[in-house]
Amino acid sequence: MLWSDTTETAAARTLMRDLQPVPMLDALPHLAWLSTPDGTVIHCNRRWHSYTGAPADALADGGFVDYLHPDDRAEAADAQLRHLPNRKTMELHLRWRGHDGRYRWYLDRVVPLYGHDAKLLGWLGTSTDIDEQKRAEIQERRGRELFELMARATNDLMWDWDMTSGRMWYSEAFWQLVGYPPRPDTETVAFWLSLIHPDDLERVQNGVQDDLTTSAKLLESEFRLRRSDGHYLTIQDRACVIHDAAGLPVRMVGAMRDVTEEAALREQ
């Protein structure tokens with residue numbers, strides 16, 4: 001079994017003798033462990049024991065794996081099967097159980113350790129706490145999925161502007177309408193502004209600045225947006241601003257609707 005735990009092997013004794021790893025691992029600011037070339041965990045540092053609350057003899061009888069989230073064990077085992085034979089560094093996101101029984105997300109990085117003769121002595125694994133970041137990513141992804149479902153139900157073009165990162169997210173229908181592919185350089189405010197008709201641009205830019213300081217719950221605007229073929233569409237946009245605890249604007253979310261035909265009828 002992968003990550004089976006025992007220290008009574010020749011490989012384990014060689015690794016501990018040649019590297020003298022205990023002081024090194026205890027000095028690391030991460031959860032850390034050491035394993036033999038076949039993946040057998042033989043030592044965990046003090047931070048790992050302190051976080052997990054595991055006893056000193058926890059590595060006996062597969063105890064190391066017991067602290068890994070059950071849903072992540074298959075992924076970890078698969079990563080070992082793929083990376084151990086070719087001696088490649090591996091990275092993956094795993095949940096480790098703390099002494100309070102709660103799981104936190106960690107970035108696990110496992111690197112090979114070599115002796116002076118270039119012989120593989122074993123593996124060094126470190127776990128860096130990324131729980132807040134990971135949960136934020138999961139929440140954002142779920143929000144995007146919800147936006148997509150709402151967009152399909154309403155036929156609106158949903159969008160979300162994260163002012164902290166400057167990234168704009170659009171529903172799939174938006175990209176289909178404008179004819180551009182979603183890329184890092186197109187998921188920005190600058191790209192959106194580049195599509196607005198020159199005669200509408202100043203009004204829209206000024207409107208965005210006003211929107212960030214208003215207390216209105218619903219903001220509305222209408223402007224012309226250029227498709228990839230050069231044709232302009234008339235867009236009706238409704239949005240709201242989200243503020244942080246200090247009252248500063250951090251996000252703006254909204255929905256656009258193609259009203260080109262309605263605008264043409266109004267002009268007749």
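As the structure is a prediction and not an experimental result, all values here were calculated from the model. Per chain, residue numbering runs from 1 following the sequence as it is written. Totals for whole chains, interfaces and linings use all residues, but because this is a predicted model, local features are given only for residues with pLDDT of at least 70 and pairs of side-chain atoms are given and counted only at 80 or more. Side-chain metrics in this entry use all non-hydrogen atoms of the structure; hydrogen atoms and water are not considered.

## Notes on the packing of aromatic side chains
As a reminder, the rule being used: Stacked, edge-to-face and tilted are the three classes for Phe, Tyr and Trp ring pairs, Trp counted by its six-membered ring, which pair at centre distances within 6.5 Å; planes under 30 degrees apart are stacked, over 60 edge-to-face, the rest tilted. Helix and strand labels come from DSSP, where a helix needs a run of H or I of at least four residues and a strand needs a run of E of at least two; each type is numbered from the N terminus. Think of it in three bands: with a 1.4 Å probe and only protein chains considered, a residue is buried below 20% of the maximum accessible area for its type, exposed above 50%, and partly exposed in between.
Inspection of every chain in the model, using the stated rule, returns 12 aromatic pairs. Between the aromatic rings of Y51 and Y106, the centroid separation amounts to 5.4 Å while the plane-to-plane angle is 65°, which identifies the pairing as edge-to-face. Taken together, the residues span a long stretch of sequence, with Y51 in helix α3 (residues 46-52) and Y106 in strand β4 (residues 103-114) at a distance of 55 residues. For the pair shown, Y51 and Y106 are each scored as buried. An angle of 80° between the planes, with centres 5.2 Å apart, marks the rings of F174 and W175 as edge-to-face. Of the two residues examined, F174 and W175, each falls in the buried class. Through successive ring pairs, a cluster of aromatic residues spans W33, W48, F64, Y67 and W96.

## With respect to the sheet that holds strand β1 (residues 31-35)
Spelled out, the test is: Any two strands are treated as partners once DSSP identifies two or more bridges connecting them. Whenever a helix is involved, its axis is fitted only over the stretch in contact; in every case the axis is a line through C-alpha atoms, and angles between N-to-C directions fall within 0 to 180 degrees.
Pairing is antiparallel across the open sheet formed by 5 strands, whose spatial order is β2-β1-β5-β4-β3. The sheet is open, and its two borders are formed by β2 (41-44) and β3 (90-97), each paired with just one other strand. Each adjacent strand pair in this sheet contributes to an overall mean axis angle of 30°, direction not counted. Alignment of β1 against strand β5 (residues 120-129), held across 5 bridges, turns out to be antiparallel. In the strand pairing of β5, A32 is matched with T126.

## Observations concerning the pairing of strand β6 (residues 157-162)
Along β6, 5 of the 6 residues are buried, which leaves the element largely enclosed by surrounding structure. With 6 bridges connecting them, β6 and strand β10 (residues 249-258) associate as antiparallel partners. Paired with W159 across the bridge in β10 is G254. Judged from the 4 bridges that link them, β6 and strand β7 (residues 167-170) form a sheet pairing that is antiparallel. From the neighbouring strand, D162 faces β7, where its bridge partner is R167. Adjacent in sequence and paired antiparallel, β6 and β7 are bridged by 4 residues, among which G166 carries a positive phi angle near 80°.

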